Every structure is written in structure tokens, then in C-alpha cells.
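Examination of the molecular architecture
Listed here are the chains, written in short residue letters.
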Amino acid sequence: MEAHLDATLFFVSLLVAVVGPIVAISYLQPILYKVLRMLCDADGGAEFWIRCAYLLAVSGTLLLTLSFGEFSDRSSAIDAMRRSLWLVMAGVFATVAIISRNVWTQVRQWIAAKELAAHVQSAQAAAPATPSAAAGGTP
């Protein structure tokens, strides 16, 4: 007997693969937008990267689900959903890890640049006046 594709399992799995990452990125969007606005001077830069995050998350989970999902009519609905949820969570985890790593790298560089600027500014303020300026004129 040949196993056939269970259309209900297939479409429910695809729905989970689309909705899961959208919920995750929607949860991150407000704070991600603030951080990206701080890092991206370009007009529309933050919106671009947030849309990229949505596409990355959704396409990644869809690829995982289509590649490794269980849609056979021989498998139980619970097993198919467990596998789909596992694949979606793996895709969301990987996407959020990639986004977080890249954003944190930029935030670290931004913080280091601000600290360096503050250090240079405080060093300039604490530097003693030049001897000719302290003497009140030119020799």
C-alpha cells in the first residue's frame, strides 16, 4: 500500500510555518525598530531590515517544513503537528539568533564609538592650556 499526502496536514503545517515566524518577528518589531533607527541613518533603513527579517523568518520556516515535514496519511495528526512545530521553532530560533547576532555586533560598535568620542572629548577638556596661551600672548 502506497502512502499518500494528507492535504489537511500539509496545509495546516504550512499555516503554522507562516504564522509562527510572523508572531515572533511581530513581538520583536517595536524594539527592533528602535534599535535599527538608532543604527540606520538612511531613510527607510529600519523598515527595510524589519521586512527582511519577516521574509527570512517565513521563508526559512517554510523551507524547513516543506523539506522535513511529515504529511503522509499514515502519520497521526499529533505527530505531524509536533514535527511541524519543531521545525517552525527551529526556524524562528535560527532567524532570531542571526538577527540578534548581527544587530548586537552593530550595537557594540556604536557603543564603542560613543565611548571613544566621550573619552577624546574629556581628554581634550582636561588637557592643560598651551604655554603661549597661558602666558597671555606670544613671546
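Above this text is the structure in question.
Rules used throughout
- Residues numbered from 1 in each chain as written.
- Predicted model: local features only at pLDDT ≥ 70, side-chain atom pairs only at ≥ 80, totals over all residues.
- Heavy atoms only, no water.
- Helix = DSSP H or I, 4+ residues; strand = E, 2+ residues; numbered from the N terminus.
- Expected span 1.5 Å × (residues − 1).
- Buried < 20%, exposed > 50% of the residue type's maximum accessible area, 1.4 Å probe, protein only.
- Contact = heavy atoms within 4.5 Å.
- Phe/Tyr/Trp six-rings, centres within 6.5 Å; stacked < 30°, edge-to-face > 60°.

**Observations concerning helix α3 (residues 77-126)**
Think of an α-helix as turning once every 3.6 residues; residues three or four places apart then point the same way. For α3, spanning 50 residues, the distance from its first C-alpha to its last is 71 Å, which sits close to the expected 74 Å at 1.5 Å a residue. All of the buried residues along α3 are A80, S84, L87, V88, G91, V92, T95, I99, V103 and V107. Where α3 is buried, its residues meet α1 (7-39) and α2 (45-68).

**Some points on the packing of aromatic side chains**
Within the structure shown, the criterion is met by three aromatic pairs. Summarising the aromatic geometry, the rings of F10 and F11 are spaced 5.2 Å apart at their centres and angled 75° between planes, so their arrangement reads as edge-to-face. What makes F11 exposed here is its relative accessible area of 54%. Note on F48 and W49: the rings are 4.8 Å apart at their centroids and 75° apart in plane angle, and the pair reads as edge-to-face. Classification of F48 as partly exposed rests on a relative accessible area of 45%.

**Brief notes about the environment of S26**
Summarising the element assignment, S26 is placed in helix α1. According to the relative accessible area criterion, S26 is partly exposed, its value standing at 34%. It is 9.5 Å that separates the C-alpha atoms of S26 and I50, two residues lying 24 residues apart in sequence.

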